[in-house]
Amino acid sequence: MAKTRKPVEGAELETKRVRIVKLHPLVVNEPGETPTLPKTVADKLLEMDYAEEIEE
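Residues numbered from 1 in each chain as written. Predicted model: local features only at pLDDT ≥ 70, side-chain atom pairs only at ≥ 80, totals over all residues. Heavy atoms only, no water.

Visitor: Hey, could you run me through the side chain of Lys-16 in this one?
Guide: Relative to the elements of secondary structure, Lys-16 occurs in strand β1 (residues 15-20). A distance of 2.6 Å separates the side chain of Lys-16 from the side chain of Asp-43, its partner in a polar contact. Lys-16 has contacts with Pro-35, Thr-36, Leu-37, Lys-39, Ala-42, Asp-43, Leu-46 and Glu-53, leaving out every residue within four places of it along the chain. (Helix = DSSP H or I, 4+ residues; strand = E, 2+ residues; numbered from the N terminus. Polar contact = N/O pair within 3.5 Å; in protein donor to acceptor, adjacent residues only side chain to side chain. Contact = heavy atoms within 4.5 Å.)

So this is what it looks like as structure tokens:
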């Protein structure tokens, strides 16, 4: 059986807030919503033009 790693206590996940502009098959948010996503996911959606950056 595969061993799973225990989560590191106190580890912070970098996040980014974006506005979804197009429906993506792997993202459950609808266009117009502004979810806070992990930075890597948000950057990929921005790169593929499925989201736009929100100024905070």
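There's more to say after this.
Visitor: So what exactly am I meant to see when it comes to the sheet that holds β1 here?
Guide: By way of backbone hydrogen bonds, the strands of a sheet pair with one another, either parallel or antiparallel. In space, the three strands of this open sheet follow the order β2-β1-β3, with antiparallel pairing throughout. Only two strands of the sheet have a single neighbouring strand rather than two, namely β2 (36-38) and β3 (51-53). Going from strand to strand, the sheet's axes swing by 55 degrees on average, the running direction of each strand aside. Summarising the sheet, β1 and β3 pair through three bridges and their orientation is antiparallel. Note that in β3 the partner of Arg-19 across the bridge is Glu-52. (Pairing = 2+ DSSP bridges. Axes fitted to C-alpha atoms, helices over the stretch in contact; angles between N-to-C directions.)

Visitor: What am I meant to see in the environment of Thr-40 here?
Guide: Positionally, Thr-40 belongs in helix α1 (residues 39-47). Accessibility expressed as a relative area gives 65% for Thr-40, which makes it exposed. (Buried < 20%, exposed > 50% of the residue type's maximum accessible area, 1.4 Å probe, protein only.)

Visitor: Hey, could you run me through the nonpolar core in this one?
Guide: It is characteristic of soluble globular proteins that their nonpolar side chains tend to be buried jointly. The biggest cluster of nonpolar side chains holds eight residues, and these are Val-18, Ile-20, Val-27, Leu-37, Ala-42, Leu-45, Leu-46 and Ala-51. When residues of this core are traced back to their parent elements, those giving at least two are β1 and α1. For this core, the element with the highest residue contribution is α1, accounting for three residues. (Core = buried A, V, L, I, M, F, W, Y, C linked by side-chain atoms within 4.5 Å.)

Visitor: What exactly am I supposed to notice about the pairing of β1 here?
Guide: For a regular strand, side chains alternate in direction, first toward one face of the sheet and then toward the other. Only one face of β1 is covered, namely the one carrying Lys-16, Val-18 and Ile-20; the face carrying Thr-15, Arg-17 and Arg-19 has none of its residues buried. Sheet topology places β1 next to β2; three bridges connect them, and they run antiparallel. Among the inter-strand pairings, Lys-16 is bridged to a residue of β2, identified as Leu-37.

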